[in-house]
Amino acid sequence: MTSIQIQSKLPQVGTTIFTVMSALATEHKAVNLGQGFPDFPMSAGLTALVTEAMNKGFNQYSPMPGWMPLREAIAEKIAFLYHTTVNPDTDITITPGGTYAIYTALTTVLQPGDEVIVFEPGYDSYIPNIVVNGATPVRIDLQFPEYRIDWAEVRRKITSKTRVIMLNSPHNPTGAVLREEDMQQLRDLVQNTNIIIVSDEVYEHIIFDNIKHQSILRYPDLVGRSFVCFSFGKVYHCTGWKLGYCVAPAAFTREFRKVHQFNCFSCHTPSQVALAAFLRNKESYLSLASFLQKKRDYFLTLMKDTRFTMLDSKGSYFICAQYDRISDESDKDFAIRITKEFGVAVIPVSAFYQDATDNKVVRFCFGKKEETLALAAERLARI
């Protein structure tokens, strides 16, 4: 037993709600609509390409910035989707997942005393990433229940210390998406400032109802001040691969790689070799929106037989619901109870707020097999 004490850099952080709810789901044999991962198989063609890469000897370190053919394929994809030219050599870095890319971007730019505009509810890694780098999160609530950005409030919160604005669209946990008018507000806001944007776009291809994804990469004036972070795991149903990438201007990328090289250095080579080939199949990512929109719509149909009030989801594979017609419990207590008593695990949305704002809303992941969704809805209808 050591007597040595460590002063925590994250004293407010404990076990995440995702760990808690997944453990409860396992213990009670619940249908897990909490954590965001698919329960259906990924492409057999992609796994075959990984096997082929390993059999061909691609099993040693890849270059620190990533396998060049993969970076070239990403640059081609960006040109195709967003009509923006990025240099695969100087502007793209392959990372072990999107969360890592976000952390590295923030670590690259933040100094003690900096402020970061961050919207809540928000992905749970953002604020710990900010705090561990000695900066201050400036939290702004998205407008409930549409979860839209109040740009007037953003303007009021900007100070001389504002270093970064964090964006996430399509949005986890709510499924909200940024619109063209949001992007214009952002462009006006940051013009003639030194504010940097860190944009989490891991769900870029999971956007519904014929809405166009408003990537930072569509706007040259924003590209020049941004780190844009992506995830292959979300696109190809392989969250366990932990592979993503960051797109940033060459000057930003040089500094990003200084941090990256001493933390990860190199990502899984056979997967990069496989993705370089598979990424050229445009249909593999262009079909993702319709594939998951059908699941969203199917789940919404099933949920009509419950007493939940479903909120809108325009992207990601998450949808939120109010349960105020069922219970006045806190969302955390409600989530735990229905996992234990009814066998469906969900995530309380208060977990995505630092002050645990409770609007009596829970999050479902509908990126599951139809039979999984049907079983969950059948159980939820009993509540």
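Note: the structure precedes this text.
Keep in mind that this is a model prediction, so the values were computed, not measured.

Strand order in this open sheet of seven strands is β2-β8-β7-β6-β5-β3-β4, and the pairing throughout is mixed. The strands lining the two open edges of the sheet, one partner per strand, are β2 (92-95) and β4 (136-141). On average, adjacent strands in this sheet sit at an angle of 20 degrees to one another, irrespective of strand direction. Along the sheet, helix α4 (residues 98-109) contacts β2, β5 (162-168), β6 (196-200), β7 (226-231) and β8 (244-247); its crossing angle with β7, the most-contacted strand, is approximately 160 degrees.

Before going further, it helps to examine the sheet that holds strand β13 (residues 361-365). Read from one edge of the open sheet, four strands run β9-β10-β13-β12, paired in antiparallel fashion. Here the strands that pair on one side only, and so sit at the sheet edges, are β9 (309-310) and β12 (347-348). Judged from the five bridges that link them, strand β10 (residues 318-322) and β13 form a sheet pairing that is antiparallel. Bridge pairing in β13 links Cys320 to Arg363.

Okay, unusual backbone geometry next. Among all residues save glycine, negative phi is the norm, and among peptide bonds the norm is trans. The omega angle of the peptide bond from Phe144 to Pro145 is 5 degrees, so this bond is cis rather than trans. The topology assignment puts Pro145 in the loop between β4 and α6 (151-157). Here the bond from Ser169 into Pro170 is cis, since omega is -15 degrees, no more than 30 degrees from zero. Residue position: Pro170 is located in the loop between β5 and α7 (180-190). In this model, Lys29 sits at a positive phi of 50 degrees, which is unusual for a non-glycine residue. Tracing the backbone through its elements, the reader meets Lys29 in the loop between α1 (17-27) and β1 (31-32). Phi at Ser316 takes a positive value of approximately 70 degrees, unusual for a residue other than glycine.

So, on to the pattern of salt bridges. According to the stated counting rule, one finds 18 salt bridges in the structure shown. One salt bridge in this structure joins Glu153 and Lys157, with 3.3 Å as the shortest N-O distance. Of this pair, Glu153 and Lys157 both sit in helix α6, separated by four residues, roughly a single helical turn. Between Arg296 and Asp297 there is a salt bridge, with the nearest N and O atoms lying 2.9 Å from each other. Each of the salt bridges in this network shares a partner with another, and the network as a whole consists of Asp209, Arg296, Asp297, Asp312 and Lys314.

Among the 10 residues of helix α11 (residues 269-278), nine are classified as buried, and the element is accordingly described as predominantly covered. Listing the buried residues of α11 in full gives Thr269, Pro270, Ser271, Gln272, Val273, Ala274, Leu275, Ala276 and Phe278.

Under the criterion given, the structure shown has one cavity of 30 Å³ or more. In this structure, the largest cavity occupies an estimated 160 Å³ of space. In terms of lining residues, the largest cavity is bounded by 17 residues, among which Leu142, Ile149, Asn168, His171 and Leu178 are the most central. Those elements that place two or more of their residues in the lining of the largest cavity are β3 (115-120) and β5.

What counts and how
Residues numbered from 1 in each chain as written. Predicted model: local features only at pLDDT ≥ 70, side-chain atom pairs only at ≥ 80, totals over all residues. Heavy atoms only, no water. Pairing = 2+ DSSP bridges. Helix = DSSP H or I, 4+ residues; strand = E, 2+ residues; numbered from the N terminus. Axes fitted to C-alpha atoms, helices over the stretch in contact; angles between N-to-C directions. Contact = heavy atoms within 4.5 Å. Salt bridge = Lys/Arg side-chain N within 4 Å of Asp/Glu carboxyl O. Buried < 20%, exposed > 50% of the residue type's maximum accessible area, 1.4 Å probe, protein only. 1 Å grid on protein atoms, 1.4 Å probe; cavity = no way out; pocket = protein on both sides within 12 Å on 5 of 7 lines; lining within 4 Å. Points joined across faces, edges and corners; volume = space filled by probe spheres on them.

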